[in-house]
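# Tertiary structure, described
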Amino acid sequence: MAGWDWAAFQKYLLNPYLLEGAWTTVWLSVAVMAIGLLLGLAAALMRMSQHRVPRDIARFYIWLMRGTPLLVQLIIIYTGLPQLGIRLTVIQSALLGLGLNEGAYLAEIIRAGILSVPRGQFDAARGVGMPYWTMLRVVILPQAARVIIPPLGNNFNGLLKTTSLASVISLEELLRRSQMLIQLEFKVLEIFIVAACYYLAMTSLWGMVQRRLEAHFGRPYGPSAGGPPRAIEGTLLEQDAR
Amino acid sequence: MPTADLAVQALGVHKFYGSQHVLRGIDLEVPRGQVVVVVGPSGSGKSTLLRCLNHLETIHRGSIRVCGDLIGYRETPRGLIELRDAEVARHRRRIGMVFQQFNLFPHLTAQGNITAGPVHVLRESRGTAVAEARRLLALVGLPEKADAYPAQLSGGQQQRVAIARALAMQPEVMLFDEPTSALDPEMISEVLDVMVALSKQGMTMIVVTHEMGFARAVADRVVFVDEGRVVEEAAPAEFFSRPRTERGRAFLDKILH
């Protein structure tokens, strides 16, 4: 039995090969979140459409993505699609699979956020002559953001770790690099613990960013900011009254 | 009266909510510069009428023109067809609306609320819009509240900012949907004072309200709506002292003691 090797642990803590892997995890997560936000916003708006076809398309997309394991989706995209002549690189496959998946989850979060904005806000935005997209951008989404950011932050935290699934299609993110380093140096526990520490550092850093975002979007609402928005307080109180 | 002199012309407007027939053939003509007060029991359709005037609600029959232009629809040989979103939005610029619940944008300051339309819809420069917002805030008596968020303002102050926000679009007509109904009694007059001043400047106004004092003092005409129809139309002095219809009398008996 080799026991715990402190010196090795310290050495790997600043290993450039692993750090590069961690950096890949970060940018992959950010890119996937960006793709997911775009897809999620589109799917959320389609689900709230007055027309049936976009509503059904969005519902099907969300149902499909949330009803199948991400791991299976990644494998189908990377190793299954070439059978149909669609060849994607590792990175393209990861971005597509993770992005599609993230978008489906974000769609429901964004939809809930938009639904939390009172009807009067839509009327008022229309009242000053705003077309649909201007209304969304200037009036609705900034208010929805306040409700969206806590669960969105939660999703991003999850995403930082979920990207490790891309290791199975050989994307060299943090987990894959750790495994590859272990095959060379056999320090299984030390290297995996270093990887775990990196993940912890990334999620902790994100937690700080998220608190700032929440404070920023809560600021106009005064000292009670950070608490639930009034619309939600209202519904809670109504439930209490029953 | 020629159509062009009419700020608002509604002809035979019908509106359904599902099977409920809310507006049953409303005719309403408002010449430029006039103040019309719309009264009627709750559920009579007066708020719906106002919302139809700037196409926040669709109509099922009839037509609505503001300054001669059809609102929300275009004429075709086969009848009226609803316009696309961007075109409806363009029509709405000429019509200011003030809501019972103020509906200020809570994430923007008073100034931000007022400049939102001019900057994002009219594409005015921020500098121009801010200068105009300052002027309007002074006009509604809140020159020191430019940087206050709605949550930091009283109801009366919020409603005055909402009026300034509507005015910033330089509308030809202002619609007021029960603008003082959600206010504490001591704040009602500060809002009414602004509205009186506005009418004196020649603004065309259609006001749904229960403030009979305001109607008497400012209105050129009172329109009494009941069950989706215009039942009676008269000068305020006439309507309040000698209503011509039985339903008008019954309504006045209930609200005036």
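Residues numbered from 1 in each chain as written. Chains lettered and ligands numbered in written order. Predicted model: local features only at pLDDT ≥ 70, side-chain atom pairs only at ≥ 80, totals over all residues. Heavy atoms only, no water.

## Quick word on the overall build of chain B
We apply this condition: Secondary structure elements follow DSSP: runs of H or I no shorter than four residues count as helices, runs of E no shorter than two count as strands, and numbering proceeds from the N terminus. Residue exposure (1.4 Å probe, protein chains only): buried if accessible area is under 20% of the type maximum, exposed if over 50%, otherwise partly exposed. Calculation of accessible area relied on Shrake-Rupley with a 1.4 Å probe; when residues are assessed, cover is drawn exclusively from the protein chains displayed. In this tally Asp and Glu are treated as negative and Lys and Arg as positive; neither His nor the chain ends contributes. Note on charges: their place is set at NZ of Lys, CZ of Arg, CG of Asp or CD of Glu.
Broken down by element type, chain B carries nine helices and 12 strands. Expressed as lengths along the three principal axes of its C-alpha atoms, the size of chain B is roughly 50 × 50 × 35 Å. Of all 257 residues assigned to chain B, the portion counted as buried reaches 56%. On chain B, roughly 10900 Å² of surface is accessible, and the fraction owed to carbon and sulfur atoms is 47%. One way to put it: in chain B the 30 positive side-chain charges average out to a point 5 Å from where the 29 negative ones average out.

## Remarks on helix α8 (residues 174–185) of chain A
Residue and element names in this part refer to chain A. The line we're drawing: To estimate how far a helix should extend, the number of its residues minus one is multiplied by 1.5 Å. Throughout, the arc means that of the directions going from the helix axis to the C-beta atoms.
Along its 12 residues, α8 runs 16 Å from first to last C-alpha, staying within 8% of the 16 Å computed at 1.5 Å per residue. All of the buried residues in α8 are L174, R177, S178, L181 and I182. Along α8, the residues classed as buried sweep out an arc of 140 degrees about the axis, all on the same side. Once α8 finishes, F186 follows within two positions and takes phi at roughly 65 degrees, a positive value.

## Description of helix α6 (residues 119–127) of chain A
Rule in force here: We call two residues in contact whenever any of their non-hydrogen atoms come within 4.5 Å of each other.
Among the nine residues in α6 of chain A, seven count as buried, and that is most of the element. Of the residues making up α6 of chain A, those classed as buried are G120, Q121, D123, A124, A125, R126 and G127 of chain A. Where α6 of chain A is buried, its residues touch α7 (132–162) of chain A together with α1 (46–53), α2 (85–92), β8 (95–98) and α5 (155–167) of chain B. With its phi angle positive at about 80 degrees, G129 of chain A sits one or two positions after the end of α6 of chain A.

## Brief notes about the pairing of strand β12 (residues 229–234) of chain B
Residue and element names in this part refer to chain B. Here is the rule we go by: Strand pairing follows a simple DSSP-based rule, namely that at least 2 bridges must link the two strands.
When strand β11 (residues 221–226) meets β12, the two strands line up antiparallel, connected through five bridges. When the bridges of β12 are listed, V225 appears paired with V230. Counting the residues between successive antiparallel strands, the hairpin from β11 to β12 contains two residues, one of them, E227, with a positive phi of roughly 50 degrees.

## Quick word on the packing of helix α2 (residues 16–47) of chain A against helix α9 (residues 188–218) of chain A
All names here are of chain A. Put simply, the rule is: Fitting a line to C-alpha atoms yields each axis, with helices limited to the stretch in contact; the angle taken between N-to-C directions then spans 0 to 180 degrees. If you view the pair so one helix is near and one far, a crossing is left-handed when the near helix is turned anticlockwise from the far one by less than a right angle, and right-handed when it is turned clockwise. Throughout this entry, Asp, Glu, Lys and Arg are counted as charged residues, while Ala, Val, Leu, Ile, Met, Phe, Trp, Tyr, Cys and Pro are counted as nonpolar. The remaining residues, Gly among them, count as polar.
Two elements in contact, α2 and α9, have axes separated by 11 Å at closest approach and are oriented at 40 degrees. Here α2 runs over α9; the crossing is right-handed. Touching L18, L19, A22, T25 and V26 of α2 are I191, V194, Y198, Y199 and M202, all from α9. A class-by-class count of the residues in the contact of α2 with α9 yields nine nonpolar, one polar and no charged.

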